[in-house]
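Here is what each chain is made of, one letter per residue.
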Amino acid sequence: QVLLVESGGGLVQPGGSLRLSCAAFGMVFSIHTMAWYRQAPGKERELVARILTDGATTYTDSVKGRFTISRDNGKKLVYLQMNSLKPEDTAVYYCNALHFSGKNDYWGQGTQVTVSS
């Protein structure tokens, strides 16, 4: 059974930083594209950042230059380093794993990030 467990969310002031972690269990981590999504109240879930099996990364425009996604295949972890946080980054952040075949898709339970003074 595949399980994704996020951690690292919390309350931070504007301009601050947080690092989210996602631990993967029950899967061959290295053959999955890993991604972070977020969903703010009243809004649709959106892709924040993605890291492919070869380490290539993509980001949504609103976080470019501020967020960094990375992965540790040996530890089965994916990270999202978030700097210069803004109130509009407030959302529940979800970890996602997509098998390279595209056939299997997994989600974590989410972690709340609140940016407020």
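Just above, that's the structure.
Residues numbered from 1 in each chain as written. Predicted model: local features only at pLDDT ≥ 70, side-chain atom pairs only at ≥ 80, totals over all residues. Heavy atoms only, no water.

Participant: Can you walk me through the environment of alanine 23 in this structure?
Facilitator: Note that alanine 23 resides in strand S3 (residues 18-25). Between the alpha carbons of alanine 23 and glutamate 6 there is a distance of 6.5 Å; along the sequence they are 17 residues apart. In this structure alanine 23 touches Leu3, Leu4, Val5, Lys76 and Leu77, once residues within four positions along its chain are discounted. (Helix = DSSP H or I, 4+ residues; strand = E, 2+ residues; numbered from the N terminus. Contact = heavy atoms within 4.5 Å.)

Participant: Would you take a moment to explain unusual backbone geometry for this structure?
Facilitator: Glycine aside, a negative phi is what most residues show, and trans is what most peptide bonds show. The phi torsion at lysine 76 lies on the positive side, around 55 degrees, for a residue other than glycine. With respect to the helices, strands and loops of the structure, lysine 76 is situated in the loop between strand S7 (67-72) and strand S8 (77-82). With a relative accessible area of 30%, lysine 76 lands in the partly exposed category. Located in the positive-phi region is serine 84, a residue other than glycine, with phi close to 50 degrees. Inspection of the secondary structure puts serine 84 in the loop between S8 and strand S9 (91-99). Given the relative accessible area of 41%, serine 84 is considered partly exposed. (Buried < 20%, exposed > 50% of the residue type's maximum accessible area, 1.4 Å probe, protein only.)

Participant: Which parts of the structure should I look at to understand the pairing of strand S1 (residues 3-7)?
Facilitator: Along a regular strand, successive side chains alternate from one face of the sheet to the other. Burial along S1 is one-sided: Leu4 and Glu6 are buried, while Leu3, Val5 and Ser7, pointing the other way, are not. For S1 and S3, the ladder comprises five bridges, and the chain directions are antiparallel. Paired with glutamate 6 across the strands is cysteine 22, a residue of S3. (Pairing = 2+ DSSP bridges.)

Participant: What am I meant to see in the state of the cysteines here?
Facilitator: In protein structure, a disulfide is the covalent linkage between the sulfur atoms of two cysteines. Across all of its chains, the model carries one disulfide by this definition. Shown here is the disulfide that connects cysteine 22 with cysteine 95, its sulfur atoms set 2.1 Å apart. Here the S-S torsion is close to -80 degrees, and the disulfide linking cysteine 22 with cysteine 95 is therefore left-handed. Here cysteine 22 is found in strand S3, whereas its partner cysteine 95 is found in strand S9, with 73 residues between them in sequence. When sorted by exposure, cysteine 22 lands in the same class as cysteine 95, which is buried. (Disulfide = S-S within 2.5 Å.)

Just geometry here; none of it tells us what the structure is for.
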